[in-house]
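If you want the building blocks of each chain, they are given just below.
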Amino acid sequence: MTLDDAPGAERVTAAGFHELDLRMSRRSWPDPQLRPPERSAIWVDRVCHLIGTDPGGCWVAERGDELLGIVVSFVREKMWLLASYAVVPGAQGLGLGRALLAPALDHGRGSLRAMLNASNDPKAVRRYHEAGFRLYPQMFLRGTPDRSTIPVVEKVREGSAGDVDLMDSIDRQTRGAAHGVDHEILLEQYRLVVSDTTTGQGYAYLDDGVALLAATNRRTAARLMWEAIASGDDLLIGHITPENDWAVEVGLAARLELDQGGYLALRHLKPPKPYLAHGALM
Ligand SMILES: CC(C)(COP(=O)(O)OP(=O)(O)OC[C@H]1O[C@@H](n2cnc3c(N)ncnc32)[C@H](O)[C@@H]1OP(=O)(O)O)[C@@H](O)C(=O)NCCC(=O)NCCS
């Protein structure tokens, strides 16, 4: 995949996931050609960042000029990560996904660990299981918080690029590899909040909810999550494995709705905690 493929690749994932959402009867945007433009732009910028930092992990399948499938993977500190993987609906189930995943997995062959967020698509789950991944079901919280439940959030400050070393150190403790250069794109796309006290460190990237959260203890993680809840109205906080029950506790205390969907897929790694993974950058 080259940088020129990124907008087309975005269309492939928009179509692939739209069809999956309809099949699973989940909320989706009404038309695959109409994925909200701001979401498309974020997707393209993130994938350009990944092609730029690790081009060997990104592949496309095409027929003539037409893109039929894409895979975006990357390696950070001996960890292989899968950011995006989709085949257009009309070409699914014919072996293209297997052919695409092979060079991406090969790109990660020197890695000790691997991590990705899997959709509910049974075809995707087959591919990941075959590749040696263990699947951990995930929960998510959504809704409008009851503002009367929100405590005064203390010991949380705005973060900046000056916090990258701190964040990398927290990530090595929680998920076994730093995000490193990925903080460049995360800092562009989200608000960063940090908690750094004598007893615990943590950080969170916030959108309408939590985009990514890591901390050295549950208390710090809960504090950061309360900051996310205090800052939003229509919230979505996802990627909660059972190991992160502190997040369920905070979300239910704020009267958010708990639901489940998708898997955290891991190889040679225990489910990180306290940790809420980013959808694409983990
Ligand atoms: C996941 C995805 C990329 C896989 O690509 P693909 O070309 O469909 O995959 P393949 O044809 O190589 O493999 C599909 C597997 O599922 C099986 N399969 C096909 N249809 C199926 C169905 N309806 N239910 C269950 N399994 C099915 C196939 O037999 C094959 O398994 P096998 O090789 O062990 O026999 C593609 O289906 C897709 O884009 N899905 C929607 C988006 C998505 O969920 N992406 C993954 C993000 S984590």
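Thresholds, definitions, all that
Residues numbered from 1 in each chain as written. Predicted model: local features only at pLDDT ≥ 70, side-chain atom pairs only at ≥ 80, totals over all residues. Heavy atoms only, no water. Helix = DSSP H or I, 4+ residues; strand = E, 2+ residues; numbered from the N terminus. Buried < 20%, exposed > 50% of the residue type's maximum accessible area, 1.4 Å probe, protein only. Contact = heavy atoms within 4.5 Å. Core = buried A, V, L, I, M, F, W, Y, C linked by side-chain atoms within 4.5 Å. Pairing = 2+ DSSP bridges. Expected span 1.5 Å × (residues − 1).

## Remarks on the side chain of histidine 278
And step 1. Its location among the elements puts histidine 278 in the segment after β12 (275–276).
And step 2. We classify histidine 278 as buried; its relative accessible area is 4%.
And step 3. When near neighbours in sequence (up to four residues on either side) are disregarded, histidine 278 contacts Arg46, Asn117, Leu186, Tyr190, Ala211, Leu212 and His239.

## Some points on the nonpolar core
And step 1. Core analysis: the largest hydrophobic core is formed by 62 residues, its most contacted members being Met115, Tyr128, Tyr203 and Tyr205.
And step 2. The element contributing the most residues to this core is strand β3 (residues 79–87), with 8 residues.
And step 3. Not counting residues up to four positions away in its chain, the partners in contact with tyrosine 205 are Met167, His183, Leu186, Leu187, Tyr190, Arg191, Leu192, Val210, Ala211 and Leu212.
And step 4. Counting 26 residues, the second-largest nonpolar core is a separate cluster that includes Trp226, Ala228, Leu235 and Val248.

## Points about the pairing of strand β11 (residues 257–267)
And step 1. Direction of pairing for strand β4 (residues 113–118) relative to β11: antiparallel, over a ladder of 5 bridges. Its bridge partner lying in β11, alanine 114 is registered against arginine 267.
And step 2. As paired elements, strand β5 (residues 134–143) and β11 share 8 bridges and run antiparallel to each other. Residue pairing across strands places tyrosine 136 opposite leucine 264, the latter belonging to β11.

## Digging into helix α3 (residues 96–107)
Each α-helix winds once per 3.6 residues, and so residues spaced three or four apart point in a common direction.
And step 1. With 12 residues, α3 should reach 16 Å at 1.5 Å per residue; the first-to-last C-alpha distance of 18 Å fits that figure.
And step 2. Looking at the packing, one finds that the buried side of α3 touches β1 (58–63), β2 (66–76), β3 and α4 (122–130).

Geometric descriptors of this kind do not, in isolation, establish any biological role.
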